[in-house]
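Below are the chains, spelled out letter by letter.
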Amino acid sequence: MIVVTGATGNIGRSLVSRLLEDGVAVRALTRDPARAGLPAEAETVRADLTDAASLEPLLTGADALFLNLAAGGQEAAAAVLAAAAKAGVRRVVLNSSSSVTDTPADESNFIARMHASVERAVRDSGLEWTFVRGSNYATNTLAWAPAIRESGVVREAHPGAQGVPVHEADLADVAAIALLDRTGAHLGQAYAVTGPEPMTMADQVAEIGRAIGRETRVEQISEEAAAEAMSGPHFPKEAALELVRLFGGSVGQPLFPVSDAVERVTGRPARTFAQWAREHAADFS
């Protein structure tokens, strides 16, 4: 039995499907099972990851846990880990970030600090662990979907910012292999998982245009305007501005190098952004 947190997120959905294809029993945790839309074969249960008292029964009988920080944040992650240890869960695979470098640089920005803190909690939990450090999720470009549908014009502060966009299914495949590992080959490993090639924001917008058969382009705006557009009730403008400036540091060179982790772990090359764009064309059309 594998417990999947964040089961209705992009990575979580892919992981649930992948595990079911492998014939593995899956307990998918979600705030709203009625709206989850997950395969009927999964045991989909309601979970409030901030309610520590209710977590242990949800983890009882599980061999391993996929922990996604997006499902509840740092405090919830600590509560889930404590409940997992009490429930007898043996292994945790953490969806982390390539921002974590295991150096003092991890204190240099809020993304690295947040994920490094949870990684420390996982290491201290006494459970077997593997970290899947993703970067530049291809699904982040879904934030451009309203603008592309409306006008075909995406407004960003740094059109030349480079990333190495990674398909959510590749992250799920690496996580699944680590969760099901019977040899110990993946224990204690921190995999930096990227796509196969660096691309600028402008490259990605153009690729989406090719996938939907429509002209698309990027219009440059100020960092302040970009941060204002990105911020919201749960993401203060100061944090958004820090992120926009982080993107600015990748103009000319991606923040994270291309990794061969997908091929090393799964035995096949990472999926391209072009493939991702074709698969998600309906979201932008």
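Overview of the structure. These numbers come from a predicted model, not from an experiment. (Residues numbered from 1 in each chain as written. Predicted model: local features only at pLDDT ≥ 70, side-chain atom pairs only at ≥ 80, totals over all residues. Heavy atoms only, no water.)

1. Structural notes on the overall build of the protein
For the protein, the helix and strand inventory stands at 12 helices and 11 strands. Based on the C-alpha atoms only, the size of the protein along its principal axes is roughly 50 × 40 × 35 Å. A sequence separation of at least 24 residues applies to 73% of the contacts in the protein between residues at least 6 apart. When the accessible surface of the protein is split by element, carbon and sulfur atoms take 50% of a total near 12900 Å². Measuring between centres, the 25 positive side-chain charges of the protein sit 2 Å from its 36 negative side-chain charges. (Helix = DSSP H or I, 4+ residues; strand = E, 2+ residues; numbered from the N terminus. Contact = heavy atoms within 4.5 Å. Areas by Shrake-Rupley, 256 points an atom, 1.4 Å probe, with all protein chains shown as cover. Lys, Arg positive; Asp, Glu negative; His and termini not counted. Charge placed at Lys NZ, Arg CZ, Asp CG, Glu CD.)

2. A short note on the layout of surface pockets
Over the atoms a probe the size of a water molecule is rolled, and this reveals where empty space is left. By volume, the second largest pocket is sized at about 190 Å³. Counted by class, the lining of the second largest pocket contains six nonpolar, no polar and five charged residues. (1 Å grid on protein atoms, 1.4 Å probe; cavity = no way out; pocket = protein on both sides within 12 Å on 5 of 7 lines; lining within 4 Å. Points joined across faces, edges and corners; volume = space filled by probe spheres on them. Nonpolar A, V, L, I, M, F, W, Y, C, P; charged D, E, K, R; others polar.)

3. Quick look at the environment of Val 164
The topology assignment puts Val 164 in the loop between strand E8 (162–163) and helix H6 (168–180). By relative accessible area, Val 164 is classed as buried at 0%. In this structure the C-alpha to C-alpha distance between Val 164 and Glu 197, which are 33 residues apart in sequence, comes to 5.6 Å. (Buried < 20%, exposed > 50% of the residue type's maximum accessible area, 1.4 Å probe, protein only.)

4. Description of helix H7 (residues 201–212)
For H7, with 12 residues, the first-to-last C-alpha span of 17 Å sits near the 16 Å given by 1.5 Å per residue. Downstream of H7 by a residue or two, Gly 213 has a phi angle that is positive, lying close to 70 degrees. (Expected span 1.5 Å × (residues − 1).)

5. With respect to unusual backbone geometry
Here the phi dihedral of Asp 102 falls at roughly 60 degrees; this positive angle occurs in a residue that is not glycine. Structurally, the position occupied by Asp 102 is in the loop between strand E5 (91–97) and helix H4 (110–124). Taking the relative accessible area as the measure of exposure, Asp 102 reaches 48% and is therefore partly exposed. The backbone of Asn 136 sits at a positive phi, close to 50 degrees, despite the residue not being glycine. One can find Asn 136 in the loop between strand E6 (128–134) and helix H5 (145–150).

6. Things to note about the packing of aromatic side chains
How two aromatic rings sit relative to each other is given by the distance of their centres and the angle of their planes. Applying the stated rule across the entire model yields three aromatic pairs. Judged by centre distance (5.4 Å) and plane angle (20 degrees), the ring pair of Phe 273 and Trp 276 falls under stacked. Of the two residues, Phe 273 and Trp 276 are both situated in helix H11 (residues 273–279); the distance of three residues between them amounts to about one turn of the helix. Each of the two residues, Phe 273 as well as Trp 276, counts as buried. Taken together, a centroid distance of 6.1 Å and an interplanar angle of 70 degrees make the contact between Trp 276 and Phe 284 edge-to-face. The two residues Trp 276 and Phe 284 agree in class, both being buried. By the ring-pair criterion, three or more aromatic residues cluster together here, those being Phe 273, Trp 276 and Phe 284. (Phe/Tyr/Trp six-rings, centres within 6.5 Å; stacked < 30°, edge-to-face > 60°.)

7. Focus: the side chain of Thr 5
Turning to its location among the elements, Thr 5 is positioned in the loop between strand E1 (2–4) and helix H1 (10–21). For Thr 5, a relative accessible area of 0% puts it in the buried group. From its side chain, Thr 5 meets the backbone oxygen of Phe 66 in a polar contact 2.9 Å long. (Polar contact = N/O pair within 3.5 Å; in protein donor to acceptor, adjacent residues only side chain to side chain.)

8. A closer look at the nonpolar core
Judged by nonpolar contacts, the single largest core of 32 residues is most densely connected at Val 4, Leu 15, Val 16, Leu 19, Phe 66, Leu 179 and Val 193. Contributing elements (two or more residues each) for this core: E1, H1, strand E2 (26–30), strand E4 (64–68), H6, strand E9 (190–193) and helix H10 (261–266). With residues up to four places along the chain from it excluded, the contact list for Leu 19 reads Ile 2, Val 4, Val 24, Val 26, Ala 176, Leu 179 and Leu 180. Counting 28 residues, the second largest nonpolar core, distinct from the first, contains Val 3, Leu 69, Ala 76 and Phe 131. (Core = buried A, V, L, I, M, F, W, Y, C linked by side-chain atoms within 4.5 Å.)

9. Topic: the sheet that holds E9
Read from one edge of the open sheet, seven strands run E3-E2-E1-E4-E5-E6-E9, paired in parallel fashion. The open sheet has two edge strands, strand E3 (43–46) and E9, and neither has a second partner. Strand after strand, the sheet turns through a mean of 20 degrees between neighbouring axes, direction not considered. Alignment of E5 against E6, held across seven bridges, turns out to be parallel. Looking at E6, one finds that Ser 96 is bridged to Arg 133. Along the sheet, H4 makes contact with E5 and E6, crossing E5 at roughly 170 degrees. (Pairing = 2+ DSSP bridges. Axes fitted to C-alpha atoms, helices over the stretch in contact; angles between N-to-C directions.)

10. Looking at the pattern of salt bridges
One pass over the full model with this rule turns up 19 salt bridges. Between Arg 27 and Glu 43 there is a salt bridge whose closest N-O contact spans 3.1 Å. With Arg 27 in strand E2 and Glu 43 in strand E3, this pair connects stretches of sequence that are 16 residues apart. We classify Glu 43 as partly exposed; its relative accessible area is 34%. Residue Glu 224 pairs with Lys 237 through a salt bridge whose shortest N-O separation is 2.8 Å. In this pair, Glu 224 sits in helix H8 (residues 223–230) while Lys 237 sits in helix H9 (residues 237–248), placing the two residues 13 residues apart along the sequence. Residues participating in the shared-partner salt-bridge network are Arg 18, Asp 22, Asp 170, Asp 173, Arg 268 and Arg 271. (Salt bridge = Lys/Arg side-chain N within 4 Å of Asp/Glu carboxyl O.)

Without other data, these values stay purely geometric and don't point to any function.
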